[in-house]
Each structure stands twice: as structure tokens, then as C-alpha cells.
Amino acid sequence: MTDIHLETKNLSFTYPDGTKALQNVNLQIKKGEKIAIMGPNGAGKSTLFSHFNGLTEPTSGHVEVDGEKIIFEKDELLKVRQKVGIVFQDPNDQLFAPTVKEDVAFGPMNLGLDYDEVERRIAESLEMVGMEGFEEKTPHHLSGGQQKRIAIAGIVAMRPEIMILDEPTAGLDPEGVDKVLNILNNLNKEGMSIVISSHDIEMVNEFADKIFVLYNGEIIACGDKHDIFSDKELLKKAHLKAPVSTEILHKLKNNGFDVDTTKISIDEVTEEIIKAKKI
Ligand SMILES: Nc1ncnc2c1ncn2[C@@H]1O[C@H](COP(=O)(O)OP(=O)(O)O)[C@@H](O)[C@H]1O
Ligand SMILES: [Mg+2]
């Protein structure tokens, strides 16, 4: 058994109009990891995600789930989609049923589960996202943050092993962001591998173990938060900004203070500032 959960090998994709959206993308996601794919608008994040469960067929190269190449045949794709669940950026692309309950039920019903099991999964996944009691509501009448949580519940109800979320916190208020991150952390604690895309560095700083930087359809860097966020050249190239916490350390260093600019969490940075000495 491999501990690599999801892998792309020389994955390239060109849209029919000639746009080279992905070029030779090689990435590995291990079981239980929390990964962020970072990159500016148009970098290719959504195109990449649509390859992770076989919604899009590569122009060249391929994707492997649990060491097995995704094969573009109906039964094979069903198996892959059971393992890899995708939450789209816009809940409107996902939510379609007249009630929350029917929406969340859709996936489990398609898996051919019996009535009791479907009911169990609806209850369990709505509880997981803190939306129990909203069963009979119309998804369109909910707030953006609530819609996002219902969209997540619909995927959780299929019990995938890997959850892919395209910009899961974009457009949410701070409380909405915290709620979504909480849900993702809880799912991860239960063993789910989580992959998100984002250009929100503060959120990624809080959430991800490991980061891939995508720019112009290419992975230009990969590493832990310390590697990525302390590399000013890289961040500039990828149109990303360092977290405010590291910006402060860089400013202190430029002013002659002896600080370690690779520190990034608020706690670490506070510690650096407290012990900073002028040299
Ligand atoms: N359906 C499409 N047809 C042609 N080009 C597209 C299509 N969708 C996206 N693109 C282009 O592919 C590139 C990557 O887009 P996308 O994957 O949406 O990036 P991101 O999600 O990082 O913003 C961009 O240059 C975008 O304009
Ligand atoms: Mg996108």
C-alpha cells in the first residue's frame, strides 16, 4: 500500500481555444494531509481540481488515486468520484434541489444506499457542518456561508476519502471562514485528506500543512509554510503576499533587529518580537 493518496503525473491540459491551463503538473498528496494550492486568478487551480476526480480528461499525463490511474470509463469514474469529493467554488453550481435535505440526499441516493442509511448520512453530515434544523429550507434562501456548508455536507454525505474544495472561504465573512476551517479540520482529524485552493495567505497560514504554488499552469514551488512564506521572490512572482506576521519580521530585520524571518504563526512571531535585539 502506498501512502500517496492523490498524484498527478506530467499533467497538462489545453482548452479547445488553445489556452494552456496546466503544463506538466507533478504533485503528490499523502494520506491525511492538509494541502493548499495557491496561485493568483487564472493560475489554473479550478482546471487542476476538475482533473482530480475525472471531471476533465487531461490533454496529456494522468492522475492517480491510491496509486491507480483514473480511467475514463463510466464505472471507473463512479469509483473515483466516491473516493474524491469536490466542493465547487460557487455553491450555485452545486446546490439544485428545492430543499436542503433533498440536496444532501442526492449523493448518498446515487450510491444506491437504502432509505435508513441515506437518512443517517443526511443527519450526520448536517450535524458535521452545524446546519441541523435547516432540512426543509430552500438552499437559495440561505446565506453564502450557509450555502457553502450545505455544499460541503452534500459531499461529506458520500464519505469520500479525499475532499477537494475550490476556494472554500472566498466571499465569506470572518465567522463563516472560521466555521468552514473548523469543519475541514474536524474532517481531517477523522482521517480525510483535504485539498483546498486559495490566494488568501492568512487563511492558508492557519490551515495548511503543505503548499503548492501554481502560476501560469505550472507548479513553481512546493513546501511547508515556512519555506513558501519566507521566500519573498517566489511570493512576488506568484502575485501573493506574505502573511502580515512575517511582513512585520522582515520590517524589523530591515531596521537592524535580529529576528528569524521564517517564523509565521502569530505565536512564533510574537515570541520573536519579544526577544528581538538591535544588532
Ligand atoms: N472554458 C475555458 N475555455 C478557455 N479557457 C479557459 C476556460 N476556463 C478557464 N480558462 C483559462 O484557463 C486558465 C486557468 O483558469 P482557472 O483554472 O479557472 O484558474 P484559477 O482557478 O486559478 O483562477 C485561465 O487562463 C483561464 O482564462
Ligand atoms: Mg478558480
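Each residue is numbered by its place in its chain's sequence as written, counting from 1. For naming, the first written chain is A and the first written ligand is 1, with later ones following in the order written. Only residues with pLDDT of at least 70 are given local features in this predicted model, and only at 80 or more are side-chain atom pairs given and counted; all residues enter the totals for whole chains, interfaces and linings.

### A closer look at helix 3 (residues 100-110)
Quick reminder: α-helices carry 3.6 residues per turn. Residues three or four places apart thus point the same way.
Turning to step 1, where the next piece is worked out: Counting other C-beta atoms within 10 Å of a residue's C-beta gives its exposure: the residue is buried at 20 or more, exposed at 12 or fewer, and partly exposed in between, where C-beta atoms are placed from the backbone. Secondary structure is summarised from DSSP: a helix means a run of H or I of at least four residues, a strand means a run of E of at least two, and numbering begins at the N terminus for each. Among the residues making up helix 3, those that are buried are Val100, Asp103, Val104, Ala105, Gly107 and Pro108.
Turning to step 2, where the next piece is worked out: A pair of residues counts as a contact when their C-beta atoms, built from backbone coordinates, are separated by no more than 7 Å. Taken together, the buried residues of helix 3 touch helix 4 (115-128) and helix 5 (144-156).
Turning to step 3, where the next piece is worked out: Two residues or fewer after helix 3 comes Gly112, characterised by a positive phi angle close to 80°.

### Looking at the nonpolar core
Turning to step 1, where the next piece is worked out: Linking buried Ala, Val, Leu, Ile, Met, Phe, Trp, Tyr and Cys residues through C-beta atoms within 7 Å yields a set, and such a set is a nonpolar core. Counting 75 residues, the largest nonpolar core has Ala36, Ala153, Met163 and Ile164 as the members making the most contacts within it.
Turning to step 2, where the next piece is worked out: Element by element, the count of residues in this core is highest for helix 5, at six residues.
Turning to step 3, where the next piece is worked out: Domain delimitation in this document rests on an assignment produced automatically or drawn from a domain database. The residues that make up this core include at least three from each of domain 1 (4-230) and domain 2 (243-279).
Turning to step 4, where the next piece is worked out: Among residues more than four places away in sequence, those in contact with Ala36 are Ile196, Ser198, Val204, Phe207, Ala208 and Ile211.

### A closer look at unusual backbone geometry
Only a minority of non-glycine residues have a phi that is not negative, and only a minority of peptide bonds are not trans.
Turning to step 1, where the next piece is worked out: One non-glycine residue, Asn24, lies in positive phi territory at about 55°.
Turning to step 2, where the next piece is worked out: Relative to the assigned elements, Asn24 resides in strand 2 (residues 20-30).
Turning to step 3, where the next piece is worked out: Since 14 C-beta atoms lie within 10 Å of it, Asn24 is described here as partly exposed.
Turning to step 4, where the next piece is worked out: Here Glu167, not a glycine, exhibits a phi torsion of approximately 45°, which is positive.
Turning to step 5, where the next piece is worked out: Structurally, Glu167 is set in the loop between strand 7 (162-166) and helix 6 (174-189).
Turning to step 6, where the next piece is worked out: By the C-beta count within 10 Å, which is 20 here, Glu167 ends up buried.

### Thoughts on the site of ligand 1
Turning to step 1, where the next piece is worked out: Only the C-beta atom matters for this test: placed from the backbone, it must lie within 6 Å of a molecule or strand for the residue to be near it. Taken together, Tyr15, Asp17, Thr19, Ala21, Gly39, Asn41, Gly42, Ala43, Gly44, Lys45, Ser46 and Thr47 make up the full set of residues near ligand 1.
Turning to step 2, where the next piece is worked out: Examining the composition of the shell around ligand 1, we find that three residues originate from one element, helix 1 (residues 45-52), more than from any other.
Turning to step 3, where the next piece is worked out: We call Asp, Glu, Lys and Arg charged. Ala, Val, Leu, Ile, Met, Phe, Trp, Tyr, Cys and Pro are nonpolar, and the rest, Gly among them, are polar. Taken together, the residues that form the shell around ligand 1 break down as three nonpolar, seven polar and two charged.

### Quick word on the domain arrangement of the protein
Turning to step 1, where the next piece is worked out: Per the domain assignment, the segments making up the protein are domain 1 (4-230) and domain 2 (243-279).
Turning to step 2, where the next piece is worked out: Taken over C-alpha atoms, the centre of domain 1 sits 34 Å from the centre of domain 2.
Turning to step 3, where the next piece is worked out: Within the residue set of the side of domain 1 that touches domain 2, elements represented by two or more residues are helix 7 (201-207) and helix 8 (225-229).
Turning to step 4, where the next piece is worked out: Residue classes in the side of domain 1 that touches domain 2 are distributed as two nonpolar, three polar and two charged.

### Regarding the pairing of strand 1 (residues 4-14)
Turning to step 1, where the next piece is worked out: As paired elements, strand 1 and strand 2 share seven bridges and run antiparallel to each other. The partner of Leu11 across the bridge, within strand 2, is Val25.
Turning to step 2, where the next piece is worked out: Adjacent in sequence and paired antiparallel, strand 1 and strand 2 are bridged by five residues, among which Gly18 carries a positive phi angle near 100°. In short, DSSP must find at least two bridges between two strands for them to pair.

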